[in-house]
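Spelled out, the chains give:
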Amino acid sequence: MRLGVLDIGSNTGHLLVVDAHGGAAPLPASSHKQPLRLAEHLDEDGAVTKKGITALTDFCASATEIAEDKGCEEMLGFATSAVRDAVNSHDVLAHVEKHSGVRLEVLSGEDEARLTFLAVRRWFGWSAGRLAVFDIGGGSLEIAGGTDENPDVAWSLPLGAARLARAWFGGERPSDDDIRDLRKQIRAEIARDAGHLLRPGVPDRAAATSKTFRSLARICGAAPSGDGPLVPRVLELSTLSEWIPKLMDMSPEELADLPGVSPSRTHQIVPGALVAEACMDIFDLSELEICPWALREGVILERLDQISVVTRSR
């Protein structure tokens, strides 16, 4: 069947059209995305602004038309931390449904981590053993770990790259003291519940997903996306730690010239790098493998599993 997956993230709205069948990898057929930057379209009270709501609604309406044109039988729409945490979340969802016809499901942080873990588990398979998964989104950081397809532990922290960029990098470059405070805050947040992942034992394999991790891996020497998804890619802690001081001293124009960095996300590179480094340090990981599958694929795979169960029960 042909499915449309509408992913409303804190940075980007992304419609992915896939040909999906039980027992087969989802095959991308079409992709349409737009930078919405909802995590940065928040007022002082934490509400999504009118400009942000309009941009989101217009994107959902255009995504519906594209999904219909591409022959999608079903569209799965979901939103993550930017909408989840907004104080006017209900009003945002109601406006989008009324004016675009799209009903968005708001995923909890735990569900976001769980579905991302499912995608990574299916990508690497059972040979990965005990698996740890990290995902830095625009609004939140998701961490999950376990030996099965459902993680033993899964949680979410408000440490997304866009959220931190908005709070700490809104104007000029933060001072060294501010950077030290930010680094301390990030590490304290992650370490607070680190035992959830560490208590069962050291993971056999550790993986990372998301644009932030992919960009950092590319900066640190990983193969470009044009080489295809099957090429192994890793982010090494030692290389990342060497790069962070250089990234802090770069202008937005210099950051945009780096491989794998989108001009619209240059302000998120440093906070994202600090979160990535903290994850690897705190969980004693010398490297993270970059997985091309993430939350969208997890949503698709769970839906296919549900369809298979219904089909078998008939």
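Scoring rules and cut-offs
Residues numbered from 1 in each chain as written. Predicted model: local features only at pLDDT ≥ 70, side-chain atom pairs only at ≥ 80, totals over all residues. Heavy atoms only, no water. 1 Å grid on protein atoms, 1.4 Å probe; cavity = no way out; pocket = protein on both sides within 12 Å on 5 of 7 lines; lining within 4 Å. Points joined across faces, edges and corners; volume = space filled by probe spheres on them. Helix = DSSP H or I, 4+ residues; strand = E, 2+ residues; numbered from the N terminus. Nonpolar A, V, L, I, M, F, W, Y, C, P; charged D, E, K, R; others polar. Domains from an automatic or database assignment. Buried area = accessible area lost by both parts, 1.4 Å probe. Salt bridge = Lys/Arg side-chain N within 4 Å of Asp/Glu carboxyl O. Expected span 1.5 Å × (residues − 1). Buried < 20%, exposed > 50% of the residue type's maximum accessible area, 1.4 Å probe, protein only. Phe/Tyr/Trp six-rings, centres within 6.5 Å; stacked < 30°, edge-to-face > 60°. Lys NZ or Arg CZ within 6 Å of the ring centre and 35° of its normal. Pairing = 2+ DSSP bridges. Axes fitted to C-alpha atoms, helices over the stretch in contact; angles between N-to-C directions. Contact = heavy atoms within 4.5 Å.

Quick one: what's the story with empty space enclosed by the protein, residue by residue and with numbers?
Going through the model one piece at a time under the given rule, you end up with one cavity of 30 Å³ or more. Each pocket or cavity is described by its volume, and for the largest cavity that value is around 70 Å³. As for the largest cavity, its lining consists of Lys211, Thr212, Ser215, Val261, Ser262, Arg265, Gln268 and Ile269. With three residues, helix α8 (residues 211–219) is the largest single contributor of residues to the lining of the largest cavity. When the residues that make up the lining of the largest cavity are grouped by side-chain class, the tally is two nonpolar, four polar and two charged.

Which residues make up the domain arrangement of the chain, and what values go with them?
Looking at the chain, the domain boundaries give domain 1 (2–106) and domain 2 (120–297). Put simply, the middle of domain 1 and the middle of domain 2, counted by C-alpha atoms, are 23 Å apart. The contact between domain 1 and domain 2 buries some 1,300 Å² in all, and 50% of this surface belongs to carbon and sulfur atoms. There are two salt bridges connecting domain 1 and domain 2.

Account for the layout of surface pockets, with residues named and values stated.
The volume enclosed by the second largest pocket comes to roughly 280 Å³. Residue lining of the second largest pocket: 15 residues in total, with Phe169, Met250, Pro252, Leu255 and His267 positioned closest to the centre. The set of elements that each furnish at least two residues to the lining of the second largest pocket consists of α9 (237–249) and α10 (252–256). Taken together, the residues of the lining of the second largest pocket sort by class into nine nonpolar, four polar and two charged.

Outline helix α4 (residues 109–124), supporting the account with residue identities and numerical values.
In this model α4 runs 23 Å from its N-terminal to its C-terminal C-alpha over 16 residues, within 8% of the 22 Å that 1.5 Å per residue would give. Those residues of α4 that fall on the buried side of the exposure criterion are Gly109, Glu112, Ala113, Leu115, Thr116, Phe117, Leu118, Ala119, Val120, Arg121 and Phe124. Looking one or two residues past α4, glycine 125 carries a phi angle of roughly 85°, positive in sign.

For the packing of aromatic side chains, give the residues involved together with the corresponding values.
All chains considered together, the criterion is met by two aromatic pairs. With centroids separated by 5.4 Å and ring planes inclined at 50°, the aromatic side chains of phenylalanine 134 and phenylalanine 283 adopt a geometry described as tilted. Separated by 149 residues along the polypeptide, phenylalanine 134 in strand β6 (residues 131–136) and phenylalanine 283 in the loop between α11 (269–282) and β11 (287–290) bring together distant segments of the chain. For phenylalanine 283, a relative accessible area of 4% gives the class buried. Against the face of tryptophan 243 rests lysine 246, its NZ or CZ located 4.9 Å from the ring centre.

Give a description of the sheet that holds strand β9 (residues 205–209) that names residues and reports values.
Strand order across the open sheet formed by six strands is β8-β7-β6-β9-β11-β10, with mixed pairing between neighbours. The two strands at the open ends of the sheet, each matched to only one other strand, are β8 (153–157) and β10 (234–236). Recorded for the sheet is a direction-independent mean angle of 25° between the axes of neighbouring strands. Strand direction decides the pairing type here: β6 and strand β7 (residues 141–146), joined by six bridges, are antiparallel. From the neighbouring strand, alanine 132 faces β7, where its bridge partner is glycine 145. Packed onto the sheet, α4 meets β6, β7, β8, β9 and β11 and runs at close to 55° relative to β7.

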